[in-house]
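For reference, the chains in residue letters:
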Amino acid sequence: MGQVKATETDFSVEEAPLEEQEESQIDWREIWKPLTIIVGTFLILFYLPLDSDRFRVAVLESLALAKWYAQEHVLLCLVPAFFIAGAIACFVSQAAVMKYLGAGAKKVLAYGVASVSGSILAVCSCTVLPLFAGIWKRGAGLGPAIAFLYSGPAINILAIVLTARILGLPLGIARAVGAISFSIIIGLAMHFIFREEEEAKAAAALHMPAPEVERPLWQNVVYFASMVGVLIFATWGKSSSPVGFWNAVYEIKWYLAGGFALLLGVLLVLWFRVKTYKIALSAAVVIALAYTFPHEPLVAFSAGIIALVICLTTTRGETETWFLSTWDFTKQITPLLFAGVLAAGLLLGRPGGAEGIIPSAWVSGLVGGNSVGANLFAAVVGAFMYFATLTEVPILQGLIGAGMGKGPALALLLAGPALSLPNMLVIRSVMGTKKTVVFVCLVVVMSTVAGLIYGAYF
């Protein structure tokens, strides 16, 4: 019996080290992220300040901003931009992008093409994102892609003219010069900072096989021009003056947008094998709705989008590829945009509406004079706040009337239209956190310096 007891004791002693060496089934590297989200959400809900009037108003402003964004920008701006981005990913050859915008392209050509093509679109900081993602996916160099990303919302001819007319000619000229130079300087700076990656990308491009060209360049130019025409004229803003060229275009904007849409339909028949009867039926429905609801153009425009989707998805071949590419951009970008819009509305309210959590008196009180702090604060607020195209001008008019300095006003004009919280979230998903942080910092710092220089002389 003594021997048996000794054997059992020995067995237990031998087993202990084996249990200590057994690997844990808990992998904290996988658990900590969802655990942080769950705990963070719980704490937010637990301490939700529902008794605060300011918080309740801020929530309503957040939802109001999201509603306004959905009504004014999703159908007219984002959806056409998604289709253009999908078309870029499908039909623009990677060799062509690398030739004109690639890391190894000539700098004068690359940055000239990027800044000009971005400024022609004259879109807001969110609408430019699908287009930026499209050229980035096709192999554009970081510098030219960033120049395009900045120039699209910043170099808006109508906004610059409106700035000069309402806020003064000096501020309008300073905005134009600053925006054009910023697009190139920031692009070059990003290229220099991440030059090792860019050199590797350029070296890899040299070994890429020449792609097969399915249609000549002029056809792609006409095809993209038809979609860009729809985007430009559908989003054409109303001029502050009842006379003049800009207002005249605004009066006929839907006829111009419809003309480009009709051209796109013809091209779908000629070059994409879409059946003629589908385009004819779609056009008939859109025209009928346009005349039935003359004061609700979104009804006809929405029907046109649905008709385009049906035409693309019921035609086999490259139209299906185009739709799938468009859908990839849509599902990647849309959730981040709406999350960012809600957050921006909660913190800062909406233009022309009530205040968010951050009182507007703090903002106006911190941007007086021409100190470094005032310019930096204006640039940071402009970078995080969402400005639709042209809305920054009346907002600044009110802030200047409340005591905002001219330098901080320029800083906000240079940082605001090009950046926003929704914009940052999407850029991060496209090119990573590090590049996004560097890009945002460059815009904020350069806007601050430009504001200081301008404020010192004006």
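Data block above holds the structure.
Fair warning: this is a prediction, and the values are worked out from it, not measured in the lab.

**Some words on the packing of aromatic side chains**
Moving on, step 1. One pass over the structure, following the stated rule, counts 19 aromatic pairs.
Moving on, step 2. Taking 6.1 Å as the distance between ring centres and 75 degrees as the angle between the ring planes, the aromatic pair formed by phenylalanine 91 and tryptophan 322 counts as edge-to-face. Of this pair, phenylalanine 91 sits in helix α3 (residues 53–91) while tryptophan 322 is found in helix α16 (residues 318–348), placing the two residues 231 residues apart along the sequence. The same class applies to phenylalanine 91 and to tryptophan 322, which are both buried.
Moving on, step 3. On the basis of an interplanar angle of 20 degrees and a centroid distance of 5.8 Å, the ring pair of phenylalanine 233 and tryptophan 236 is categorised as stacked. Exposure class is identical for phenylalanine 233 and tryptophan 236. Each is buried.
Moving on, step 4. Each residue in the set Phe83, Phe91, Tyr223, Phe224, Phe272 and Trp322 is aromatic and connected to the rest through ring pairs, giving one cluster.
Moving on, step 5. The ring centre of phenylalanine 192 lies 4.4 Å from the NZ or CZ of arginine 195, which sits over that ring.
Moving on, step 6. Across the ring face of phenylalanine 194, the terminal group of lysine 435 is positioned such that the distance to the ring centre comes to 5.0 Å.

**Description of the packing of α3 against helix α6 (residues 128–137)**
Helix-helix packing is described using two parameters, namely the angle between the two axes and the distance between the axes.
Moving on, step 1. At their nearest, the axes of α3 and α6 sit 8 Å apart, and the two run at 5 degrees to each other. Compared by their axis directions, α3 and α6 come out roughly parallel. Seen from α3, the contacting residues are Leu78, Ala81, Phe82, Ile84, Ala85, Ile88 and Ala89; seen from α6, they are Pro130, Leu131, Gly134, Ile135 and Lys137.
Moving on, step 2. Taken together, the residues that form the contact of α3 with α6 break down as ten nonpolar, one polar and one charged.

**Notes on the packing of α3 against helix α15 (residues 297–313)**
Moving on, step 1. Where α3 meets α15, the axes come as close as 11 Å, and the angle between the chain directions of the two elements is 25 degrees. By the angle class used here, α3 and α15 are roughly parallel. Judged by the twist between their axes, the crossing of α3 over α15 is left-handed. Side by side, α3 and α15 meet where Gln71, Leu75, Leu76, Val79, Pro80 and Phe83 of the first sit next to Leu298, Phe301, Ser302, Ile305, Leu308, Val309 and Leu312 of the second.
Moving on, step 2. Across the contact of α3 with α15, the residue classes tally to eleven nonpolar, two polar and no charged.

**Topic: helix α18 (residues 372–384)**
Moving on, step 1. With 13 residues, α18 extends 18 Å between its outermost C-alpha atoms, agreeing within 8% with the 18 Å of an ideal straight helix rising 1.5 Å per residue.
Moving on, step 2. Taken as a whole, α18 has its buried residues at Ala374, Asn375, Ala378, Ala379, Val381, Gly382 and Ala383.
Moving on, step 3. Of the surrounding elements, those touching the buried residues of α18 are α17 (360–366), α20 (406–415), α21 (421–431) and α22 (433–457).

**A look at the side chain of arginine 175**
Moving on, step 1. On the secondary structure map, arginine 175 appears in helix α9 (residues 169–193).
Moving on, step 2. Arginine 175 gets classed as buried once you look at its relative accessible area, which sits at 1%.
Moving on, step 3. Ignoring anything within four residues of it in the chain, the contact list for arginine 175 reads Ala154, Ala159, Ile160, Thr163, Glu392, Val393, Leu410, Leu413, Leu414 and Pro417.

**A closer look at the environment of alanine 159**
Moving on, step 1. With respect to the secondary-structure elements, alanine 159 resides in helix α8 (residues 157–167).
Moving on, step 2. Measuring from C-alpha to C-alpha, the distance between alanine 159 and serine 239 comes to 9.9 Å, with 80 residues separating the pair along the chain.

**Quick look at the pattern of salt bridges**
Moving on, step 1. Enumeration according to the criterion identifies five salt bridges in this entry.
Moving on, step 2. Notably, a salt bridge pairs lysine 331 with aspartate 328, separated by 3.8 Å at the nearest N-O pair. Taken together, the residues lysine 331 and aspartate 328, both in helix α16 and three residues apart, mark about one turn of the helix.
Moving on, step 3. Look at lysine 331 and you get partly exposed, because its relative accessible area is 47%.
Moving on, step 4. Residue aspartate 328 is classed as partly exposed on the basis of its relative accessible area, which comes to 35%.

Reading guide: rules and limits
- Sequence order sets the numbering: in each chain, residues are counted from 1 along the sequence as written.
- This being a predicted model, a pLDDT of at least 70 is required before a residue's local features are given, and a value of 80 or more before pairs of side-chain atoms are given or counted; all residues contribute to the totals for chains, interfaces and linings.
- Only hydrogens and water are set aside; all other atoms, that is, all heavy atoms of the structure, feed into the side-chain values.
- Here a pair means two rings of Phe, Tyr or Trp (six-membered ring of Trp) with centres within 6.5 Å. Their orientation is stacked below 30 degrees between planes, edge-to-face above 60, and tilted elsewhere.
- For the purposes of this entry, the term helix denotes a DSSP run of H or I that reaches at least four residues, the term strand denotes a run of E that reaches at least two, and both are numbered from the N terminus.
- Type-normalised accessible area, obtained with a 1.4 Å probe on protein chains alone, sets the label of each residue: buried when under 20%, exposed when over 50%, and partly exposed for intermediate values.
- A ring is scored as having a charge over it whenever the NZ atom of a lysine or the CZ atom of an arginine sits within 6 Å of its centre and within 35 degrees of its normal.
- Angles run from 0 to 180 degrees between N-to-C directions of axes, and those axes are lines fitted to C-alpha atoms, restricted for helices to the stretch in contact.
- For classification purposes, an angle smaller than 35 degrees is called roughly parallel, one larger than 145 roughly antiparallel, one from 65 to 115 roughly perpendicular, and anything else oblique.
- For this analysis, residues touch if any pair of their heavy atoms sits within 4.5 Å.
- In this count, Pro and Cys sit with the nonpolar residues alongside Ala, Val, Leu, Ile, Met, Phe, Trp and Tyr, while Asp, Glu, Lys and Arg are called charged and the others, Gly among them, polar.
- Two helices crossing with the near one rotated counterclockwise from the far one by less than a right angle form a left-handed crossing, whereas a clockwise rotation gives a right-handed crossing.
- What a helix should span is 1.5 Å times the count of its residues minus one.
- The salt bridge definition used is simple: a Lys or Arg side-chain nitrogen within 4 Å of an Asp or Glu carboxyl oxygen.

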